[in-house]
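Report on the structure
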Amino acid sequence: MVCTDCLMIIANDNASGLDDSLSEKEAVEREQQIREAIAEIQREGQIAVGDSNRDYEFSVSPCACCGTRLAGQRNHCVILSSGRES
Ligand SMILES: [Zn+2]
């Protein structure tokens, strides 16, 4: 399960939404952190958006991608080559 920031980059390769709540510098750093986390996951296989019916509206579990512990929405994603779900 990944946070909405990660989902945005996984789904659309677009981090523009990060700017809403962060300063420009913070948004750049956050995007960098997320892209590195995604690259790490992609050593196992291609990550893709999973089943939106399995999203959590609210969760305090850390994001499986960037590791943020900020409570909020978590989105279901899958790693395609291995079939492992996160
Ligand atoms: Zn995340």
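Before any of the text, the structure's been laid out above.
What this report covers is the structure whose coordinates are included nearby. All residue numbers here refer to positions counted from 1 along the written sequence of the relevant chain. With pLDDT at 70 or above as the cut-off, local features in this predicted model cover only qualifying residues; side-chain atom pairs require 80 or more to be listed or tallied, and sums for whole chains, interfaces and linings still use all residues. Side-chain measures were taken over the full set of non-hydrogen atoms in the model, leaving aside hydrogen atoms and water.

What about the coordination of the zinc ion?
Counted as coordinating are nitrogen, oxygen and sulfur atoms within 2.8 Å of the metal, or 3.2 Å for Na, K and Ca, while water is not included, which may make sites look incomplete. Protein coordination of the zinc ion is provided by Cys3 (SG), Cys6 (SG), Cys63 (SG) and Cys66 (SG), with donor distances spanning 2.3 to 2.4 Å. Taken together, the four donor atoms surrounding the zinc ion define angles of 107 to 112° at the centre, an arrangement classified as tetrahedral. In the primary structure, the donors to the zinc ion are separated according to the pattern C-x2-C-x56-C-x2-C. Judged on exposure class, the residue Cys63 and its partner Cys66 are both buried. Only four donors with every angle between 85 and 135 degrees are called tetrahedral; only four or six donors with opposite donors over 155 degrees apart and all others between 65 and 115 are called square planar or octahedral, in that order; all others are irregular. Throughout, exposure labels follow a simple rule: accessible area from a 1.4 Å probe, protein chains only, divided by the maximum for the residue type, with under 20% read as buried, over 50% as exposed, and the rest as partly exposed.

A closer look at the pairing of strand β4 (residues 72–75)
Here, a strand pair is defined by DSSP locating no fewer than two bridges between the strands. Segments assigned H or I by DSSP are reported as helices when at least four residues long, segments assigned E as strands when at least two residues long, and all are numbered from the N terminus. For strand β1 (residues 2–3) and β4, the ladder comprises two bridges, and the chain directions are antiparallel. Counterpart to Cys3 in the pairing with β4 is Arg74. In this sheet, β4 lies alongside strand β3 (residues 56–59) in antiparallel orientation, the contact comprising two bridges. Bridge pairing in β4 links Tyr56 to Arg74.

A look at the nonpolar core
Among the nonpolar cores identified, the biggest contains 19 residues, and Val2, Cys6, Ile10, Ile38, Cys63 and Cys65 are the most heavily contacted of them. If you list the elements that add at least two residues to this core, you get β1, α1 (4–12), α2 (24–41) and β5 (77–79). When residues of this core are assigned to their parent elements, the largest contribution, five residues, is made by α2. In this view, Cys63 contacts Met1, Val2, Cys3, Cys6, Thr68 and Arg74; residues no more than four positions away in its chain are not counted. Only buried residues count toward a nonpolar core. Its members are Ala, Val, Leu, Ile, Met, Phe, Trp, Tyr and Cys residues joined through side-chain atoms within 4.5 Å. Should any heavy atoms of two residues lie within 4.5 Å, those residues are counted as being in contact.

Focus on the pattern of salt bridges
Opposite charge on two side chains permits them to pair, given that their charged atoms come into close proximity. Salt bridges are defined as contacts in which a side-chain nitrogen from Lys or Arg sits within 4 Å of a carboxyl oxygen from Asp or Glu. Within this structure, the stated rule accounts for five salt bridges. The partner of Glu29 in a salt bridge is Lys25, with the nearest N and O atoms 3.0 Å apart. Taken as a pair, Glu29 and Lys25 lie in helix α2 at a separation of four residues, close to a single helical turn. For Glu29, a relative accessible area of 45% gives the class partly exposed. Glu40 is paired through a salt bridge with Arg43; the nearest N and O atoms lie 2.5 Å apart. Look at Arg43 and you get exposed, because its relative accessible area is 67%.

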